[in-house]
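What follows is the residue order along each chain.
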Amino acid sequence: MRPRPRDHKQAPHTAAEDWQTRFNHLSRNVTDPRLKAFYRASCVPAHTPVKKVNFMALDLETTGLDLETDAILSIGYIPLKFNRICCSSARNIIIRPGESPEHPLAEIHGITHSHLKNAPEFDNILEDLLNAMAGHIILAHYNTIERGFLDRACRELLGQPLEFPVVDTMELEARIHTPFTPNTFQRWMGLSPSPSLRLSHSRERYGLPRYTPHHALTDALATAELFMAQVADRFSPETPVGELWI
């Protein structure tokens, strides 16, 4: 089970996070040329309005949810503006993990062992991925997967971290639907659990169509559409991106 998203009544979001300064620091301290180029592409200041930000929706499919033992199987991404999705630049990349998964994956991800046999390893796609991410603010739905697995992969491969700001569409939903599971007494008192924050359920609240889940590019597209709906419904093109990212 995935951990619950942050409760913002207890831990306010870090609107003042200075990612531009963090990128400058990291660009001076990493040694891998791919990471150095990524950080040198910099990050927009926190006060930049959403309408001027280049976003990229990102989704990872993995063998499981354990950051220590599971591996990345595929990466899907699609660039967008606040009001336009750039489908021509979308990509879906299947990645061969270091060790073949023990169990068939086709039922969940549609990825077979024959797909993995001829797929590149993470090292072979890292430079293209970083080039695609450079200069973009990443969108994800439950960012722990995207941030956690990419950071661990870079640490294992390069011995250096991969850090980046994320606008998490699940976290934006959690700001208005604080996770709550009533106990037996609270249910007896008539209290109901909070609405689901899953991607498909979040999309339903904005009238967006249902897509088949567990395909990296489809989930990235679903996240991009959800973000555009959230901006139209609750924020504005003038909203500083620093109020959204974490």
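Look above for the structure.
Residues numbered from 1 in each chain as written. Predicted model: local features only at pLDDT ≥ 70, side-chain atom pairs only at ≥ 80, totals over all residues. Heavy atoms only, no water.

Caption draft 1: Representation of the side chain of Thr169 in the model. Assignment of secondary structure puts Thr169 in helix α7 (residues 169-174). Every residue in contact with Thr169, bar those within four places of it in the chain, is listed here: Ala140, His141, Thr223, Leu226, Phe227 and Gln230. (Helix = DSSP H or I, 4+ residues; strand = E, 2+ residues; numbered from the N terminus. Contact = heavy atoms within 4.5 Å.)

Caption draft 2: Here's a closer look at the pairing of strand β5 (residues 137-140). With burial as the criterion, each face of β5 is covered, one bearing Ile137 and Leu139 and the other bearing Ile138 and Ala140. Looking at chain direction, strand β1 (residues 55-62) and β5 are connected through 3 bridges and run parallel. Pairing of Phe55 across the sheet is with Ile137, part of β5. Inspection of the sheet shows β5 paired to strand β6 (residues 166-168) by 3 bridges, in the parallel sense. Residue Ala140 lies in a different strand from β6, and its bridge partner there is Asp168. For the segment spanning β5, helix α6 (residues 143-158) and β6, crossover handedness is right-handed. (Buried < 20%, exposed > 50% of the residue type's maximum accessible area, 1.4 Å probe, protein only. Pairing = 2+ DSSP bridges. Right-handed = clockwise from strand over helix to strand, strands pointing away.)

Caption draft 3: Summary view of the nonpolar core. Counting 54 residues, the largest nonpolar core has Phe55, Ile75, Phe122, Leu150 and Phe227 as the members making the most contacts within it. With 7 residues, helix α5 (residues 122-133) is the single largest residue contributor to this core. Apart from the residues lying within four places of it in its own chain, the contact partners of Phe55 are Val50, Pro79, Leu80, His136, Ile137, Leu139, Val167, Phe227 and Val241. In this structure, Leu199, Ala222, Leu226 and Ala229 belong to the second largest nonpolar core, which totals 5 residues. (Core = buried A, V, L, I, M, F, W, Y, C linked by side-chain atoms within 4.5 Å.)

Caption draft 4: View of helix α1 (residues 19-29). Within the sequence span of α1, burial applies to Trp19, Phe23, Leu26 and Ser27. Mapping the buried residues of α1 onto a view down its axis gives an arc of 100°, with all of them on the same face. At its buried positions, α1 is contacted by α2 (33-40) and α6. Where α1 begins, one side-chain oxygen reaches toward the backbone nitrogen of Gln20, 3.3 Å away; that side chain belongs to Asp18. (Arc of directions from axis to C-beta. Polar contact = N/O pair within 3.5 Å; in protein donor to acceptor, adjacent residues only side chain to side chain.)

Caption draft 5: Quick peek at a nonpolar patch on the surface. A cluster of nonpolar side chains, Phe180, Phe185, Trp188, Met189 and Leu191, forms an exposed patch at the surface whose accessible area comes to about 600 Å². With respect to the helices and strands, Phe180 occurs in the loop between α7 and α8 (184-188). Phe180 sits in the partly exposed class, given a relative accessible area of 30%. (Patch = residues over 30% accessible without salt bridge, like charges linked within 9 Å, V, L, I, M, F, W, Y side chains within 5 Å. Areas by Shrake-Rupley, 256 points an atom, 1.4 Å probe, with all protein chains shown as cover. Salt bridge = Lys/Arg side-chain N within 4 Å of Asp/Glu carboxyl O.)

Caption draft 6: Quick look at the packing of α1 against α2. For the pair α1 and α2, interaxial distance at closest approach is 8 Å and the crossing angle is 155°. Between α1 and α2, the angle is such that the two are roughly antiparallel. Judged by the sense of rotation from one axis to the other, the crossing of α1 with α2 is left-handed. Taking contact as the criterion, the partners of Phe23, Leu26, Ser27 and Arg28 in α1 are, on α2, Lys36, Phe38, Tyr39 and Arg40. Taken together, the residues that form the contact of α1 with α2 break down as 4 nonpolar, 1 polar and 3 charged. (Axes fitted to C-alpha atoms, helices over the stretch in contact; angles between N-to-C directions. Parallel < 35°, antiparallel > 145°, perpendicular 65-115°, else oblique. Left-handed = near helix turned anticlockwise from the far one by under 90°. Nonpolar A, V, L, I, M, F, W, Y, C, P; charged D, E, K, R; others polar.)

Caption draft 7: Quick look at the pattern of salt bridges. Scanning the entire structure with this criterion turns up 12 salt bridges. Of the charged contacts, one joins Arg34 and Asp32 as a salt bridge, the two residues approaching to 3.3 Å between their closest N and O atoms. Here Glu156 ties to Arg152 by a salt bridge, and the two come within 3.3 Å at their closest N and O atoms. In this pair, Glu156 and Arg152 both sit in helix α6, 4 residues apart, roughly one turn of the helix. A residue is classified by how much of its surface remains accessible, and Arg152, at 19% relative accessible area, is buried. Bridged by salt links that share partners, the residues Asp32, Arg34 and Asp123 form one connected network.

Caption draft 8: Local environment of the environment of Val53. As for its position among the elements, Val53 is in the loop between α2 and β1. With a relative accessible area of 1%, Val53 lands in the buried category. Residues Val53 and Cys43, spaced 10 residues apart in sequence, show a C-alpha to C-alpha distance of 9.7 Å. When residues no more than four places from it in sequence are discounted, the contact partners of Val53 are Val44, Thr48, Leu80, Lys81, Ile137 and Val241.

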